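Summary of the model geometry
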Amino acid sequence: MMGIPGNWRLRKQRYQLAGTKCQNCCQIHFPPRQVCPACKNRRLEDFRLSGKGTVYSYTIIYQSTPKFEFFVPYVVALIDLEEGPRITAQLTDVDPDQVEIGMPVEMVRRKISEQGERGLIHYGYKFRPRIR
Amino acid sequence: MVNTGESSLAEILIPDRPVGIVGYGAYIPRYRLPAREIARLWRGTQEAEALPIDQKSVPGPDEDTITMAIEAAENALLRAAISPEKIRAVWIGSESHPYAVKPSGTIVAQALGITPNASTADFEFACKAGTEAMQAGFGFVGSKMADYVLAIAVDTAQGRPGDALEYTAAAGGAAFVIGPAEEALAVLEGTFSYVTDTPDFFRRAHQLYPEHGHRFTGEPAYFHHITHAACKLMEGLNTRPQDYAAVVFHQPNTKFPLKVAKKLGFREEQVRTGLLAPFIGNTYAGASPLGFTAVLDEARPKDRILVVSFGSGAGSDAMSFRVTEAIVQRRDRAPLTRVYLRRTKPIDYATYAKWRNKIVMH
Amino acid sequence: MRPVAIVGIGQTPVREHWDAGLRELAVQAVWQALDECHLDTIDVFYVGNMLSGTLTGQEHLATLIAEYAGLTGVEAIKAEAACGSGAAAFRQAVLAVASGAAEVALAVGVEKLTETSTHKTTDGLASAADADYETAMGISFVALNALLMRRYMYEYRYHKSDFSAFIEIAHRNAVHNPHAMFRHRVHRDQYERAKMVADPVNLLDSSPIADGAAAVVISSQDRINQFPNRPIWVAACEVSTDTIALDNRENPLWLKAAERSVRKAFKTSGLTHRDIQLFELHDAFSIMSALSLEGSGFAERGTAVRLANEGHFAIDGLLPISTFGGLKARGHPVGATGLYQIVEATLQLRGQAPKAIQLPDARIAMTQNIGGSGATIITTILSRERL
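Thresholds applied
Residues numbered from 1 in each chain as written. Chains lettered and ligands numbered in written order. Predicted model: local features only at pLDDT ≥ 70, side-chain atom pairs only at ≥ 80, totals over all residues. Helix = DSSP H or I, 4+ residues; strand = E, 2+ residues; numbered from the N terminus. Buried ≥ 20, exposed ≤ 12 C-beta atoms within 10 Å, placed from the backbone. Contact = placed C-beta atoms within 7 Å. Expected span 1.5 Å × (residues − 1). pLDDT = per-residue confidence, 0-100. Axes fitted to C-alpha atoms, helices over the stretch in contact; angles between N-to-C directions. Parallel < 35°, antiparallel > 145°, perpendicular 65-115°, else oblique. Left-handed = near helix turned anticlockwise from the far one by under 90°. Nonpolar A, V, L, I, M, F, W, Y, C, P; charged D, E, K, R; others polar. Pairing = 2+ DSSP bridges. Domains from an automatic or database assignment. Core = buried A, V, L, I, M, F, W, Y, C linked by C-beta atoms within 7 Å.

In this section: the overall build of chain A. What chain A contains, in helices and strands, is 2 helices and 8 strands. When its helices and strands are written in sequence order, chain A yields α-α-β-β-β-β-β-β-β-β. Counting only C-alpha atoms and orienting by the principal axes, one finds that chain A spans roughly 45 × 35 × 25 Å. Of all 132 residues assigned to chain A, the portion counted as buried reaches 37%.

What follows is the structure, given as structure tokens:
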């Protein structure tokens, strides 16, 4: 799938939830945008999201794409971030049967995948039940 | 107390500019493998008393030295309350860096918003890789080359299946923001390093698991180096064991630190707060640093703390600190070490073997 | 724009076609359609397909198929909109003729999903989602639908087994469709025992991986009389898009693109919900059936599952869906599906459907083809009479 440059280009989004904020209507976006989805304005500034949110929906994956097979069963969720955007991410450090819609979660940096034994390790955001 | 002969202040290491710990942070993964589980597979029915610790911490399948370093460092930055751009070096000590070539520090620095105006490097010296990073930090800040350094000590240690080390090789670590003494919650009084070529435990390049010298790792290695480093430092500072509120030793198991404490004249109560091995095992480069964070979590202003690491190969770094008033306000800005200690999920040997890649798939 | 009608249709059975590749399948469907209307040439040739490049290393597909169909020289272009590629190709064909740029156009959808390992196919299907922010995080396409299903169950207080109704409807109808991949009934207890893929989506919630090709010939009103079959008029064919990633939807449970394309289709055709007698919806997953019905305005929010259980959408219900088995039982060769839907609706309106699933006096049908998790929705209304 994506190679070295593609993954590198996403590092700020993946490591720090780097998004954008519209200078016109103040909507906050993740992923970062060039055009505001709300008002179509193109003057946007960098904005880092806090990583605090709640679970909107989740699923437990029993059959996955090959890259993630090692982690099966794992939980993926749609998370409502406190600044407004909703994000898709894995949940970690939690038993699948303890996940609930509405659960408060926080962002952590974890290994997302690897490009084989010789390739890059891809780090990025996952979410876990809040301890901070 | 060992008689090391004449020594003066000049022999111990003290930077020109007073320095200290401005922020500290811990991280321990959630999973625990009971020692009994390992014994179940590899030693039939051994009595519980024969096991070196109760349980060890195991990193989850999505964790490694880099992910743990990021969280420990985040906690340290929260306590320090300085903006990441002020950090001018990120030095990480570990024996389980994910890349053989590509410093863990680059990823950690990027993730924390410290890049690009910083130096990063990976340190290795078995279990004292982290305290070395701290010493380098003391020097960098102490020489006024920079005001703040992030020194991180983290490991996801591996033990060969069935080997004695497997019982204790664990995961976790700590991070320290080192800065000027006026801003510190613990001021460095002095440090001392004692190093010899003593091959008690080592790993050749490309080998998965280390070799160790069994009983040779005791007297000639652990005890010799810790004792000399601690004694030299206390002589140089003119301090005695009773001057310390707490002492933290490298802790490969529960027995060794208690034994060396007694030998040096410390009471068991002084060691207990910083002794985490019974609950999480040996976190290698993270071991004495994590113990140090547990002590800081409970320290009071004016307390003196002694930290003595040991790295196989071999060497020991001794550090003496004085806690300041600042600790009171900063302690609660990030999760206490006990939050991570208490966050546990037991796993079985099969899960552990899968996660730690001990199952060879052809 | 001038009125256009479907004058020829063709389809291969939907199954694992080990003996036929993309070109063989497509050519079969193309010539069935051309033979039906006694043509051996057309003006414009559109191919709908999603994964020919990813799974077989073959891009440039329309030109290849045109050549193998004996139509070298014709204007040939591939249309891609993930699982909506079939209807996307149809839309282009309709536009070409309606605008006057062409007199006769052909749209063929073709897909070969069995060409390589299931893993590569799963990876390929996942490319309908947002590669950087959904797929990269370990979300499979099934997982996206599972997220929707769980949230829907949470908001409207349904049990998993309530969704069985959609599967039972599709399979019951497919028994009578000789081209369907699955022609057996499925009962509720089988649904409840099916293996979980991504909780709460199980194996029976999901349409199967299959190969197939379906084709449609479209003509302008001016030449209608030269064709032997009853023309079926394209009363509307409208496209709307929504955000690719599920997490950017305003309300993930509301298919805005369905709402918009249906509204546009009613505006173009002058028809209303009450005129629609059957709905070939995009039941890639049981939750999609529910969301399609609600977003398209055939059921109030949160009620589609209940209505399905009350028989509302059965072949003899108020609004039959999946009359030939839908994606679930007829099968879902992704890029071809949109055209299978149109072929089936055409058969209904011509009165040529198998007896047990033929609607008495079918005059107006709606088909809806969806790309991704609702990101591209193409709604078509076909009519027996010119409106």
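Turning our eyes to something else, we now look at the overall build of chain B. If you tally the helices and strands in chain B, you get 12 helices and 14 strands. Each principal axis of the C-alpha distribution contributes one length, and for chain B these read about 55 × 50 × 35 Å. Counting only residues that meet the buried cut, chain B has 56% of its 362 residues in that class. Within chain B, residue pairs in contact and separated by at least 24 positions form 79% of the contacts whose partners lie at least 6 positions apart.

Turning our eyes to something else, we now look at helix 13 (residues 334-350) of chain C. Residue and element names in this part refer to chain C. Relative to the 24 Å expected for 17 residues at 1.5 Å per residue, helix 13 spans 25 Å between its end C-alpha atoms, a close match to the ideal helical length. Where burial is concerned, most of helix 13 is hidden: 16 out of the 17 residues are buried. One or two steps after helix 13, the chain reaches G351, where phi turns positive at roughly 80 degrees.

A few words on the confidence of the model for chain B. For chain B, per-residue confidence averages 93 on the pLDDT scale, and residues scoring 70 or more make up 95% of the total. As a predicted assembly, this complex carries a pTM of 0.93 together with an ipTM value of 0.95.

Turning to the packing of helix 5 (residues 218-237) of chain B against helix 6 (residues 255-264) of chain B, a few remarks are in order. All names here are of chain B. Where helix 5 meets helix 6, the axes come as close as 11 Å, and the angle between the chain directions of the two elements is 45 degrees. Of the possible angle classes, the one that applies to helix 5 and helix 6 is oblique. Crossing angle aside, the handedness with which helix 5 passes helix 6 is right-handed. Counting all contacts with helix 5, which are made through Y222, F223, I226, T227 and A230, the residues of helix 6 involved are F256, V260, K263 and L264. For the contact of helix 5 with helix 6, the residue count by class is 7 nonpolar, 1 polar and 1 charged.

As a further point, take the interface of chain B and chain A. Facing 18 residues of chain B, the contacting portion of chain A comprises 16 residues. In the side of chain B that touches chain A, the residues fall into 8 nonpolar, 4 polar and 6 charged.

Residues and elements named next belong to chain C. Strand order across the open sheet formed by 9 strands is 3-2-4-7-1-8-11-10-9, with mixed pairing between neighbours. Only two strands of the sheet have a single neighbouring strand rather than two, namely strand 3 (75-79) and strand 9 (278-280). Pairwise comparison of adjacent strand axes, ignoring direction, gives a mean angle of 25 degrees for this sheet. When strand 1 (residues 4-11) meets strand 8 (residues 232-241), the two strands line up antiparallel, connected through 2 bridges. Within strand 8, the residue paired with A5 across the bridge is W233. With respect to the sheet, helix 1 (residues 22-36) is in contact with strand 1, strand 4 (104-111) and strand 7 (212-220), its orientation differing from that of strand 7 by roughly 35 degrees.

The next subject is the interface of chain A and chain C. The parts lose accessible area when they come together, and the size of an interface is often stated as this lost area. Taken together, the contact pairs 24 residues of chain A with 25 residues of chain C. For the side of chain A that touches chain C, the element with the most residues is strand 4 (residues 52-61) of chain A, which contributes 6 residues. Split by residue class, the side of chain A that touches chain C holds 16 nonpolar, 7 polar and 1 charged. In this sheet, strand 5 (residues 196-199) of chain C lies alongside strand 4 of chain A in antiparallel orientation, the contact comprising 2 bridges.

As a further point, take the domain arrangement of chain B. Residue and element names in this part refer to chain B. Segmenting chain B into domains produces domain 1 (19-184 + 340-346) and domain 2 (186-329). Here the C-alpha centroids of domain 1 and domain 2 sit 15 Å apart. Facing the 43 residues of domain 1 at the interface are 42 residues of domain 2. At 6 residues, the largest contribution of residues to the side of domain 1 that touches domain 2 is made by helix 4 (residues 129-142). For the side of domain 1 that touches domain 2, a count of residues per class yields 23 nonpolar, 13 polar and 7 charged.

Ranked by size, the top nonpolar core spans 292 residues in total, and within it V108(B), I152(B), I178(B), A93(C), A105(C), V108(C) and V216(C) carry the most contacts. When neighbours within four sequence positions are excluded, I152(B) is seen to be in contact with A69(B), A72(B), A73(B), I92(B), V108(B), G130(B), A133(B), G173(B) and A175(B).

Here we take up the pairing of strand 8 (residues 121-129) of chain A. All names here are of chain A. Examined bridge by bridge, strand 7 (residues 104-114) and strand 8 share 9 bridges and lie antiparallel to one another. Across the sheet, residue R110 finds its bridge partner in strand 8, namely G124. What sits between strand 7 and strand 8 in their antiparallel hairpin is a turn of 6 residues, with G116 showing a positive phi close to 75 degrees.

So, on to the environment of K102(B). Residues and elements named next belong to chain B. Looking at where K102 falls in the secondary structure, it is placed in the loop between strand 4 (87-93) and helix 3 (104-112). Its 13 C-beta neighbours within 10 Å are what place K102 among the partly exposed residues. Each C-alpha atom, one on K102 and one on E63, is 18 Å from the other, the two residues being 39 residues apart in sequence.

Our next topic: unusual backbone geometry. Most peptide bonds are trans, and most residues other than glycine sit at a negative phi. The amide bond that connects T115(B) to the next residue, P116(B), takes the cis arrangement and shows omega of 5 degrees. Among the structural elements, P116(B) can be located in the loop between helix 3 and strand 5 (119-123). The backbone phi angle of D93(A) is positive, close to 55 degrees, even though this residue is not glycine. Assignment of secondary structure puts D93(A) in the loop between strand 6 (86-91) and strand 7. Since 20 C-beta atoms lie within 10 Å of it, D93(A) is described here as buried. One non-glycine residue, K144(B), lies in positive phi territory at about 65 degrees. Structurally, the position occupied by K144(B) is in the loop between helix 4 and strand 6 (148-156). Judged by the 12 C-beta atoms lying within 10 Å of it, K144(B) falls in the exposed class.

Residue and element names in this part refer to chain A. Here 3 strands make up an open sheet; going across it, the order is 2-1-3 and the pairing antiparallel. Both outer strands of the open sheet, strand 2 (28-29) and strand 3 (44-48), are each paired with one neighbouring strand and no more. Here strand 1 (residues 18-22) runs beside strand 2; their pairing, made up of 2 bridges, is antiparallel. The residue of strand 2 that forms the bridge with T20 is H29.

The next point concerns the packing of helix 6 (residues 141-156) of chain C against helix 10 (residues 286-295) of chain C. All names here are of chain C. Their axes nearest at 9 Å, the elements helix 6 and helix 10 cross at an angle of 65 degrees. Crossing handedness for the pair helix 6 and helix 10: left-handed. Contacts between helix 6 and helix 10 involve N145, L148, M149 and Y152 from the first element and I287, M288, A290 and L291 from the second. Broken down by class, the residue content of the contact of helix 6 with helix 10 amounts to 7 nonpolar, 1 polar and no charged.

Moving on, we come to helix 4 (residues 85-98) of chain C. All names here are of chain C. The terminal C-alpha atoms of helix 4 lie 20 Å apart, and with 14 residues this matches the ideal 20 Å at 1.5 Å per residue to within 8%. A large share of helix 4 lies buried, amounting to 11 of its 14 residues. The complete set of buried residues in helix 4 reads S85, G86, A87, A88, A89, F90, R91, A93, V94, A96 and V97.

Residue and element names in this part refer to chain C. For strand 7, the buried fraction is high: 9 of the 9 residues fall into the buried class. Residue alternation in strand 7 divides its side chains into two sets, G212, A214, V216, I218 and S220 and A213, A215, V217 and S219, and both sets are buried. Judged from the 7 bridges that link them, strand 1 and strand 7 form a sheet pairing that is antiparallel. Note on strand 7: the bridge partner recorded for I6 is I218.

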